[in-house]
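Architecture at a glance
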Amino acid sequence: MLHTEDGGATWQRQKVPVQEHLFGLDFIDEHYGVAVGSRGTILITEDGGTTWSNRSLDDDVTLNDVRFIDHQRGWLVGEFGRIYYSNNGGRSWVKQKSPIEVDFASGESRSLFRLLLRDSHTLWAFGMDGSILATQNGQTWNVASPTSTSHAGAKKSHLFAAAAFDGKGWAVGERGALVVSSLTKNEWTPVNLKAPPTTLNGIAFGDDNLGLIVGNRGLILRTDDGGRRWQQPSFDLVETTGNGVYSRR
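So, about the side chain of Gln96. Following the sequence through the fold, Gln96 ends up in strand β10 (residues 94-96). For Gln96, a relative accessible area of 7% translates into the label buried. Not counting residues within four places of it along the chain, the set of residues in contact with Gln96 comprises Trp75, Ile83, Tyr84, Tyr85, Glu101, Gly138, Gln139 and Trp141.

In structure tokens, the structure reads:
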């Protein structure tokens, strides 16, 4: 667990009471945060990360993401297509019915990797084989899928990350998969990218219609118009050698 107080210029390690892998983190405000990871790990901080308490599940399941809509209500997603809900700030969790959940004994993989929240009731979960789950009340989950097959393999590509911007939801994943939907609907449509079909691991939007997608092999895609066009930016790469310094584009 790493923490910064200067916008990322420097990072300090924080002590946590477990040695498990950590995959997801969400802060409700500057003090209260929840982290999740392997073997049902759930960690809670109420002092901005100075100390963390262990609230892990009594279940050997990998948890990949956590999102809270307020100081009480939050959701977890993870291995075997599991979905958990808390109404007390993460101190206890109840497993919700997932339409893709499988038993450990089945040998199947149905992991969910990322959550996207629109409001206190409307959420999406993204996972393996292009799985997209949706709920309109925070309790009952249904399967949603891309509405077009124009992107080769879009329905089979795992979806690893998601973001919302300007009334739309976006999700990225394997083999250059990118899907988009209006946040008022549940119709996810694949987008054809002019980029290598490598795995896309993250997506985020900022101000002035700026958005970034990052992927394997150092791939970065950028949009300056809210996602209508995505391009690979060029960079000045500077390398230092024993004979001096040179740069190349």
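This part takes up the packing of aromatic side chains. The tally for this structure, following the rule as stated, stands at ten aromatic pairs. Plain terms: the ring middles of Phe113 and Phe160 are 5.1 Å apart, the flat faces sit at 65° to each other, and that makes the pair edge-to-face. One end of the pair, Phe113, is in strand β11 (residues 112-117); the other, Phe160, is in strand β15 (residues 159-165), with 47 residues separating them in the sequence. Using a relative accessible area of 18% as the deciding quantity, one classes Phe160 as buried. Between Phe165 and Phe205, the aromatic rings sit 4.8 Å apart at their centres with planes inclined by 5°, giving stacked as the arrangement. Taken together, the residues Phe165 in strand β15 and Phe205 in strand β19 (residues 200-205) connect sequence positions 40 residues apart. Overall, the relative accessible area of 18% leaves Phe205 in the buried class. Three or more aromatic residues link up through ring pairs in this structure, and these residues are Phe165, Trp170, Phe205 and Trp230.

This paragraph deals with the environment of Gln14. With respect to the helices and strands, the residue Gln14 is situated in the loop between β2 (12-13) and β3 (22-27). Here Gln14 is in contact with Met1, His3, Gly48, Gly49, Thr50 and Trp52, once residues within four sequence places are set aside. For Gln14, the side chain forms a polar contact with the main-chain oxygen of Gly49, separated by 3.1 Å. Reaching out from Gln14, the side chain makes a polar contact with the side chain of Trp52 at a distance of 3.2 Å.

Moving on, we get to the sheet that holds strand β8 (residues 74-78). Ordered in space as β7-β8-β9-β10, the four strands form an open sheet in which the pairing is antiparallel. Each of the sheet's edge strands pairs with one partner strand only, and the pair in question is β7 (63-68) and β10. Here the strands of the sheet are splayed against their neighbours by 25° on average, with no regard to which way each runs. Direction of pairing for β8 relative to strand β9 (residues 83-86): antiparallel, over a ladder of four bridges. Within β9, the residue paired with Leu76 across the bridge is Tyr84.

Pairing between sheet strands relies on hydrogen bonds along the backbone, with the strands arranged either parallel or antiparallel. The strand order across the open sheet formed by four strands is β3-β4-β5-β6, and the pairing between neighbours is antiparallel. Both outer strands of the open sheet, β3 and β6 (53-54), are each paired with one neighbouring strand and no more. Bridge count for β3 against strand β4 (residues 33-37) is five bridges, and the pairing is antiparallel. Residue pairing for β4: Gly24 is matched across the bridge by Val36.

In this section: unusual backbone geometry. The backbone of Phe80 shows a phi angle near 65°, a positive value even though the residue is not glycine. Positive phi, close to 50°, is recorded for Arg175, a residue that is not glycine. With respect to the helices and strands, Arg175 occurs in the loop between β16 (168-173) and β17 (178-182).

Rules behind the numbers
- Residues numbered from 1 in each chain as written.
- Predicted model: local features only at pLDDT ≥ 70, side-chain atom pairs only at ≥ 80, totals over all residues.
- Heavy atoms only, no water.
- Helix = DSSP H or I, 4+ residues; strand = E, 2+ residues; numbered from the N terminus.
- Buried < 20%, exposed > 50% of the residue type's maximum accessible area, 1.4 Å probe, protein only.
- Contact = heavy atoms within 4.5 Å.
- Phe/Tyr/Trp six-rings, centres within 6.5 Å; stacked < 30°, edge-to-face > 60°.
- Polar contact = N/O pair within 3.5 Å; in protein donor to acceptor, adjacent residues only side chain to side chain.
- Pairing = 2+ DSSP bridges.
- Axes fitted to C-alpha atoms, helices over the stretch in contact; angles between N-to-C directions.

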